[in-house]
Amino acid sequence: QVQLVESGGGLVQAGGSLRLSCAASITPFSRYAMGWFRQAPGKEREFVSVITWAGGNTYYADSVKGRFTISRDNAENRLYLQMNRLKPEDTAVYYCAASMSLARVKGGLGGYWGQGTQVTVSS
């Protein structure tokens with residue numbers, strides 16, 4: 001069935017960078033808005049970023065704006081999140097999400113989810 005598989009997480013020092021990737025089995029991939037969410041231990045899942053079907057529009061949480069960049073490669077069925085100048089508060093499990101509805105992706109409701117990849121930022 002539909003699968004979203006995140007990768008690229010790891011342990012980095014504050015100020016460092018990571019690039020997350022989400023491989024999507026969804027077809028046609030371009031019909032799906034895609035997003036990134038994160039969840040820290042004991043906290044609710046938090047919106048990070050979304051990107052529209054052809055990548056023409058992006059939206060970011062204020063906490064990551066200017067540091068993170070979401071992108072997609074519709075030819076490769078992949079979603080990316082470039083994370084720069086990482087902070088300890090960015091530590092969380094990061095999930096990719098997909099839905100034909102942009103509103104559902106932004107709201108974290110409906111659609112599909114990956115298994116998550118751990119990002120840990122040390123002080």
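Summary of the structure given here. The model shown is predicted, which means the values in this text are computed figures rather than measured ones.

Describing the overall build of the protein
Okay, so step 1: The secondary structure content of the protein amounts to one helix and 11 strands.
Okay, so step 2: Tracing the protein from N to C terminus, the helices and strands come up as β-β-β-β-β-β-β-β-β-α-β-β.
Okay, so step 3: For the protein, the C-alpha radius of gyration of 13 Å lies close to 14 Å, the compact-globule estimate for 123 residues.
Okay, so step 4: In terms of overall dimensions, the protein has C-alpha extents of about 40 × 25 × 25 Å along its principal axes.
Okay, so step 5: The buried share of the protein, taken over its 123 residues, is 41%.

Brief notes about the pattern of salt bridges
Okay, so step 1: Under the defined criterion, the tally for this structure stands at three salt bridges.
Okay, so step 2: A salt bridge links Arg 38 to Glu 46; the nearest nitrogen and oxygen atoms lie 2.9 Å apart.
Okay, so step 3: You can call Glu 46 partly exposed: its relative accessible area is 32%.
Okay, so step 4: Across the salt bridge formed by Arg 67 and Asp 90, the nearest N and O atoms sit 2.7 Å from each other. Within this pair, whereas Arg 67 is found in the loop between strand E6 (58-60) and strand E7 (68-73), its partner Asp 90 is found in the loop between strand E8 (78-83) and strand E9 (92-99), the two being separated by 23 residues in sequence.
Okay, so step 5: Under the relative-accessibility criterion, Arg 67 is labelled buried at 7%.
Okay, so step 6: Given a relative accessible area of 0%, Asp 90 falls into the buried group.
Okay, so step 7: Linked through salt bridges whose partners overlap, the residues forming this network are Arg 38, Glu 46, Arg 67 and Asp 90.

Focus on the sheet that holds strand E3 (residues 18-24)
Okay, so step 1: The four strands lie next to each other as E1-E3-E8-E7, forming an open sheet whose pairing is antiparallel. Pairing within the sheet leaves two strands with one partner each, and these edge strands are strand E1 (4-7) and E7. Within the sheet, the average angular offset between the axes of one strand and its neighbour, ignoring direction, is 15°.

Details of the nonpolar core
Okay, so step 1: Residues Met 34, Trp 36, Leu 81, Met 83 and Tyr 94 are the most contacted members of the largest nonpolar core, which totals 28 residues.
Okay, so step 2: Put simply, the parts of the chain that give this core at least two residues each are E3, strand E4 (33-39), strand E5 (46-51), E7, E8, E9 and strand E11 (117-122).
Okay, so step 3: Not counting residues within four places of it along the chain, the set of residues in contact with Tyr 94 comprises Glu 6, Leu 20, Trp 36, Phe 37, Arg 38, Val 48, Phe 68, Leu 81, Met 83, Gly 116, Thr 117 and Val 119.

Some thoughts on the environment of Arg 19
Okay, so step 1: Tracing the sequence through the fold places Arg 19 in strand E3.
Okay, so step 2: Separated by 57 residues in the primary sequence, Arg 19 and Glu 76 have C-alpha atoms spaced 16 Å apart.
Okay, so step 3: Apart from the residues within four sequence positions on either side, Arg 19 is in contact with Ser 7, Gly 8, Tyr 80, Leu 81 and Gln 82.

Conventions used here
Residues numbered from 1 in each chain as written. Predicted model: local features only at pLDDT ≥ 70, side-chain atom pairs only at ≥ 80, totals over all residues. Heavy atoms only, no water. Helix = DSSP H or I, 4+ residues; strand = E, 2+ residues; numbered from the N terminus. Rg over C-alpha atoms; globule rule 2.2 N^0.38 Å. Buried < 20%, exposed > 50% of the residue type's maximum accessible area, 1.4 Å probe, protein only. Salt bridge = Lys/Arg side-chain N within 4 Å of Asp/Glu carboxyl O. Pairing = 2+ DSSP bridges. Axes fitted to C-alpha atoms, helices over the stretch in contact; angles between N-to-C directions. Core = buried A, V, L, I, M, F, W, Y, C linked by side-chain atoms within 4.5 Å. Contact = heavy atoms within 4.5 Å.

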